[in-house]
Amino acid sequence: MADLTPTPDRPGLHVTKPDPTTPATATAICHCGATATATGDNQVRALVEGYTANHGPAHHRKSR
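What counts and what doesn't
- Per-chain numbering applies: the sequence of each chain, read as written, is numbered from 1 onward.
- Restriction of local features to residues with pLDDT of at least 70 applies here, the model being predicted, together with a cutoff of 80 or more for giving and counting side-chain atom pairs; totals for whole chains, interfaces and linings are based on all residues.
- Side-chain numbers here rest on the full set of heavy atoms in the structure, without hydrogens or water.
- What counts as a helix is a DSSP run of H or I of at least four residues, what counts as a strand is a run of E of at least two, and both are numbered from the N terminus.
- Residue burial is assigned from relative accessible area. The probe radius is 1.4 Å, only protein chains are included, and a residue is buried under 20% of its type maximum, exposed over 50%, and partly exposed in between.
- Should any heavy atoms of two residues lie within 4.5 Å, those residues are considered in contact.
- Where accessible areas are quoted, they stem from the Shrake-Rupley method and a 1.4 Å probe; at the residue level, only the protein chains shown are allowed to cover.

Draft legend 1. Looking closely at the overall build of the protein. The number of helices and strands found in the protein is one helix and three strands. What you see in the protein, going N to C, is helices and strands ordered as β-β-β-α. Sorting the 64 residues of the protein into buried and exposed places 22% on the buried side. Considering only contacts in the protein between residues 6 or more positions apart, those separated by 24 or more positions represent 18%. Total accessible area computed for the protein in this model is approximately 4700 Å², and 55% of it derives from carbon and sulfur atoms.

And the structure:
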């Protein structure tokens, strides 16, 4: 299986939750240089929401 962990050369968001009893983990790296990690379902949810709103795809949105 390929390593899906984001790197500065391959920015993105990677979330894992192997089973229902294991806490989720996440790693995010944006092409702007911002990085973040989280452990625990609530913290991972917040990281995903923040990354989506402020990094990654958000950098490609046009201002209104």
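So that's the structure; there's more coming.
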